[in-house]
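Inside the fold
Residues per chain are reported as follows:
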Amino acid sequence: ETGVTQSPTHLIKTRGQQVTLRCSSQSGHNTVSWYQQALGQGPQFIFQYYREEENGRGNFPPRFSGLQFPNYSSELNVNALELDDSALYLCASSFRVGRGEDTQYFGPGTRLTVL
Amino acid sequence: QKEVEQDPGPLSVPEGAIVSLNCTYSNSAFQYFMWYRQYSRKGPELLMYTYSSGNKEDGRFTAQVDKSSKYISLFIRDSQPSDSATYLCATQRGDSSYKLIFGSGTRLLVRP
């Protein structure tokens, strides 16, 4: 167990709705990254938050947004859900000091189904 | 072309076999290389983390990086049925870009 927790475990939404996913990072970690994993694929980077600011973003539209809170927990918000948003959403936490390595530990994920 | 290529398998081996899992990558800027294990419907679990070229061993697992050929390997000795999972290789630039870039994963089945 990594100590990274995510909620909810499963979620079913309909197209056009909005969803918020939550992540609690491992104790002592200051950075949270979010990934989307479609069935049979590797995780795709959505964005990363470091010290409450977005620090890098993957190839995802603006309807994917996030927040990091002072306790380093994080939220991923997705507006105007599309069928293709159905996937496992993974949160990873890490401790960054500066430039260099960033060892990321993953939570169990939230499985989102869009109907 | 994907930045990290990985054979999806499935790879089926008998218990006790030596398993070899491989990835290739295209960007010479990648400095950090990881292997994650993912059981069905679970999050990825970090197995091995290496910097630049060379070998790293941890118990039954050995990770190997050859930057000259842009080739990453994971070897599993004395494989067990509990090793049955999807194995994901990942790379990271290690400069201002901290995102992990994953391969698509290789499914491994270790038969009792």
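Bear in mind the structure is a predicted one, so any value in this text is a computation, not a measurement.

A few points about the overall build of chain A
A tally of helices and strands in chain A yields zero helices and 11 strands. Element order for chain A, N to C, with α for helix and β for strand: β-β-β-β-β-β-β-β-β-β-β. The C-alpha radius of gyration of chain A comes to 13 Å, within 12% of the 13 Å expected for a compact globule of 115 residues. Counting only C-alpha atoms, chain A reaches 40 × 30 × 25 Å along its principal axes. The buried share among the 115 residues of chain A stands at 50%. In chain A, the proportion of contacts linking residues at least 24 apart, taken out of those at least 6 apart, comes to 54%.

Topic: the pattern of salt bridges
Summed over all chains, the structure comprises seven salt bridges over all chains. We note a salt bridge from E75 of chain A to R22 of chain A, for which the minimum N-O separation is 3.5 Å. With E75 of chain A in strand β8 (residues 74–78) and R22 of chain A in strand β3 (residues 19–24), this pair connects stretches of sequence that are 53 residues apart. Residue classification places E75 of chain A among the buried positions, given a relative accessible area of 15%. When the shortest N-O distance is used, the salt bridge between R77 of chain B and E57 of chain B registers 3.4 Å. Placement of the pair is R77 of chain B in the loop between β8 (71–76) and β9 (85–92) and E57 of chain B in strand β6 (residues 54–58), with a sequence separation of 20 residues. For E57 of chain B, a relative accessible area of 59% puts it in the exposed group.

Looking at the interface of chain A and chain B
With 24 residues of chain A at the contact, the number on the chain B side is 21 residues. Between chain A and chain B we count four residue pairs in polar contact (both at pLDDT 80 or more) in total. Listing elements by their share of the side of chain A that touches chain B, those giving two or more residues are β4 (31–37), β5 (44–50), β9 (87–94) and β10 (105–106) of chain A. Of the residues assigned to the side of chain A that touches chain B, the class counts are eight nonpolar, 11 polar and five charged.

Quick look at the side chain of R37 of chain B
Residue and element names in this part refer to chain B. Among the structural elements, R37 can be located in strand β4 (residues 32–38). Of note is the side chain of R37, whose polar atom sits 3.4 Å from the side chain of Y39. If sequence neighbours within four positions are ignored, R37 has contacts with G43, P44, E45, L47, F61, D83, A85, T86 and Y87.

Quick look at the environment of Q6 of chain A
Residue and element names in this part refer to chain A. Here Q6 lies in strand β1 (residues 5–7). Contacts of Q6, omitting those with residues within four sequence positions, involve R22, C23, W34, Y89, L90, C91, G107, P108, G109 and T110. Of note is the side chain of Q6, whose polar atom sits 3.0 Å from the backbone oxygen of Y89. Polar contacts involving the side chain of Q6 include one to the main-chain amide nitrogen of C91, which spans 3.1 Å.

With respect to the nonpolar core
Judged by nonpolar contacts, the single largest core of 24 residues is most densely connected at W35, L74, I76 and Y87 of chain B. Taken together, the elements giving at least two residues each to this core come down to β3 (19–25), β4, β5 (45–51), β7 (61–66), β8, β9 and β11 (106–111) of chain B. The greatest single-element share of this core, amounting to four residues, is contributed by β3 of chain B. What L74 of chain B contacts, discounting residues up to four positions off in sequence, is V19, S20, L21, W35, L47, M48, F61, T62, A63 and Y87 of chain B. Core analysis: the next-biggest nonpolar cluster, separate from the first, contains 20 residues, V4, L21, F64 and V114 of chain A among them.

A word on the state of the cysteines
All names here are of chain A. In total, this model carries two disulfides over all chains according to the counting rule given. The disulfide that involves C23 links it to C91, with 1.8 Å between the sulfurs. For the disulfide bridge between C23 and C91, the dihedral angle about the S-S bond is near -50 degrees, and by the sign convention the bridge is left-handed. Residue C23 is found in strand β3, and its partner C91 is found in strand β9; the two are separated by 68 residues along the sequence.

Here's the deal with the environment of M34 of chain B
Residue and element names in this part refer to chain B. Assignment of secondary structure puts M34 in strand β4. Taking the relative accessible area as the measure of exposure, M34 reaches 0% and is therefore buried. Along the primary structure M34 and R77 are separated by 43 residues, whereas in three dimensions their C-alpha atoms are 18 Å apart. Sequence-distant contacts of M34, defined by excluding residues within four places in its chain, comprise L46, M48, Y49, L88, C89, A90, T91, Q92 and L100.

Analysis parameters
- Residues numbered from 1 in each chain as written.
- Chains lettered and ligands numbered in written order.
- Predicted model: local features only at pLDDT ≥ 70, side-chain atom pairs only at ≥ 80, totals over all residues.
- Heavy atoms only, no water.
- Helix = DSSP H or I, 4+ residues; strand = E, 2+ residues; numbered from the N terminus.
- Rg over C-alpha atoms; globule rule 2.2 N^0.38 Å.
- Buried < 20%, exposed > 50% of the residue type's maximum accessible area, 1.4 Å probe, protein only.
- Contact = heavy atoms within 4.5 Å.
- Salt bridge = Lys/Arg side-chain N within 4 Å of Asp/Glu carboxyl O.
- Polar contact = N/O pair within 3.5 Å; in protein donor to acceptor, adjacent residues only side chain to side chain.
- Nonpolar A, V, L, I, M, F, W, Y, C, P; charged D, E, K, R; others polar.
- Core = buried A, V, L, I, M, F, W, Y, C linked by side-chain atoms within 4.5 Å.
- Disulfide = S-S within 2.5 Å.

Keep in mind these numbers describe shape, not what the thing actually does.
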